[in-house]
Amino acid sequence: MYSEYPADFHIHTCLSPCAEDEMIPVNILNMAKLIGTRIIGICDHNSAANVKPFLEIASEYEILVLPGMEVQSAEEVHMLCFFENLSGALEWQEYVYQHLPQIDNNPRYFGHQWLVDGKGNVLGEEKRMLLTSTKLTIDQIYKKVYELNGLLIPAHVDKKHYSIVSQLGFIPENIKVDAIEFSKAISENEFRKAFPHMAKHTFITSSDAHRLQEMIYQKTFLHIKSLNFNEIVLALKGLEGRKVLIKD
Amino acid sequence: MKLDEVQDLLNLKLVTKKTNIDREVQGGYASDLLSCVMAHAKENEVWITIQSHKNIVAVASLLNLSAIIIAEDVTIDENTLIKAEEENIPIYSSDKSIYELCGILYNILSRESK
């Protein structure tokens, strides 16, 4: 039988310089539990280095943590990438790091990039600037994510900056995306009207939370049989009765 | 002004083969956001950008732009050039910045219109 699982695919941690220090695994998982969100995607800018502590404590919650990243392409497009397990995400991270410019972060301007454990104890700080474009083109990103059996979802496509539509006008025909994300700035109806050519894609909408309170925006629901990566893949593809619903 | 004159005055390198450069240039537009270009660039303008994804060709073709100038010696993907030749959109490369290219182009085109 199918059950309905509330999902939020796009949450930042304290590793993202623009996110609050409160965005530590235990806080995010507890907030998800409070709201009732059962699937959370951990997507920091150009890094997956804080995914591991989530997976270490997730078993204490009935929440599926999706190892992910919000990568910024050379064209300044933000793409969400997800992998079934930590090793996939870390292999992807290694590829991204090879193509990340060697610029030091300046925490005074951009904020800290904390590496933490599950409870939020600081293990270190990522010194490289994460809030910048990688040298990876959208084609390279697509090829590599596909090769690693990952999921690729253009982020906040309705936004006027850092979206596949703002940067490239439309989704290039060779890029097969698994869904598209619209932001909380627009309703599903408004989005459908403004972007009629997107109708063939599966939609998700996410909090893009940089602080805990922003996780309250939760409107994406998955109809799946159990809580695992393969079921999510089926739901995004709309296969075997699985589906994604948005409730405004 | 003719496109080949613009090419000479800006010292541009034509990187597409078999694209027709016998075209008029009535103005220019500069942006790296393709959504902005689609909304604001006009027919017979040259478009100056550092964006080199092949979608630039579709946008230039849609608006019937005279040419695309890729500034700052940005590497241009092979697929972009193939698409440009298919769509007959001349692409130029330049080592100058967008700022310099716009400045020079603005000067020569406004002088011509006086």
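Preceding block: the structure.
Residues numbered from 1 in each chain as written. Chains lettered and ligands numbered in written order. Predicted model: local features only at pLDDT ≥ 70, side-chain atom pairs only at ≥ 80, totals over all residues.

### A word on the overall build of chain B
- Along the backbone of chain B there are five helices and five strands.
- Beginning at the N terminus, the succession of helices and strands in chain B can be written as α-β-β-α-β-α-β-α-β-α.
- The C-alpha radius of gyration computed for chain B amounts to 12 Å, which stays within 12% of the reference 13 Å derived for 114 residues, consistent with globular compactness.
- For chain B, the spread of C-alpha atoms along the principal axes amounts to about 40 × 25 × 25 Å.
- Burial statistics for chain B: of 114 residues in total, 36% are counted as buried.
- By sequence separation, contacts in chain B at least 24 residues apart represent 50% of the contacts at least 6 residues apart. (Helix = DSSP H or I, 4+ residues; strand = E, 2+ residues; numbered from the N terminus. Rg over C-alpha atoms; globule rule 2.2 N^0.38 Å. Buried ≥ 20, exposed ≤ 12 C-beta atoms within 10 Å, placed from the backbone. Contact = placed C-beta atoms within 7 Å.)

### Some points on the overall build of chain A
- Assigned secondary structure in chain A consists of eight helices and 11 strands.
- Over its C-alpha atoms chain A spans a radius of gyration of 17 Å, differing by no more than 12% from the 18 Å that the globule rule assigns to 248 residues.
- For the C-alpha atoms alone, the extent of chain A along its principal axes is close to 45 × 40 × 30 Å.
- Looking at the 248 residues of chain A, the share that counts as buried comes to 45%.
- Sequence separation of 24 or more characterises 71% of the internal contacts of chain A that already satisfy a separation of 6 or more.

### Brief notes about the interface of chain A and chain B
- Taken together, the 10 residues of chain A in the interface contact 10 residues of chain B.
- Tallied by class, the residues present in the side of chain A that touches chain B amount to five nonpolar, four polar and one charged. (Nonpolar A, V, L, I, M, F, W, Y, C, P; charged D, E, K, R; others polar.)

### Let's talk about helix H8 (residues 229-237) of chain A
Residues and elements named next belong to chain A.
- All of the buried residues in H8 are Glu-231, Ile-232, Ala-235 and Leu-236. Each buried residue of H8 sits inside an arc of 135° when the element is viewed along its axis, so together they form one side.
- Tucked inside the fold, the buried residues of H8 contact strand S2 (39-42), strand S7 (151-154), strand S10 (220-224) and strand S11 (243-246). (Arc of directions from axis to C-beta.)

### A look at the sheet that holds strand S4 (residues 67-70) of chain B
Residues and elements named next belong to chain B.
- In spatial order, the strands read S1-S5-S4-S3-S2; together these five strands make up an open sheet with mixed pairing. Because the sheet does not close on itself, it has two edges, and the strands there are strand S1 (13-14) and strand S2 (27-30).
- The pairing of S2 with strand S3 (residues 45-49) spans four bridges and is classified as parallel. Across the sheet, residue Gly-27 finds its bridge partner in S3, namely Glu-45. (Pairing = 2+ DSSP bridges.)

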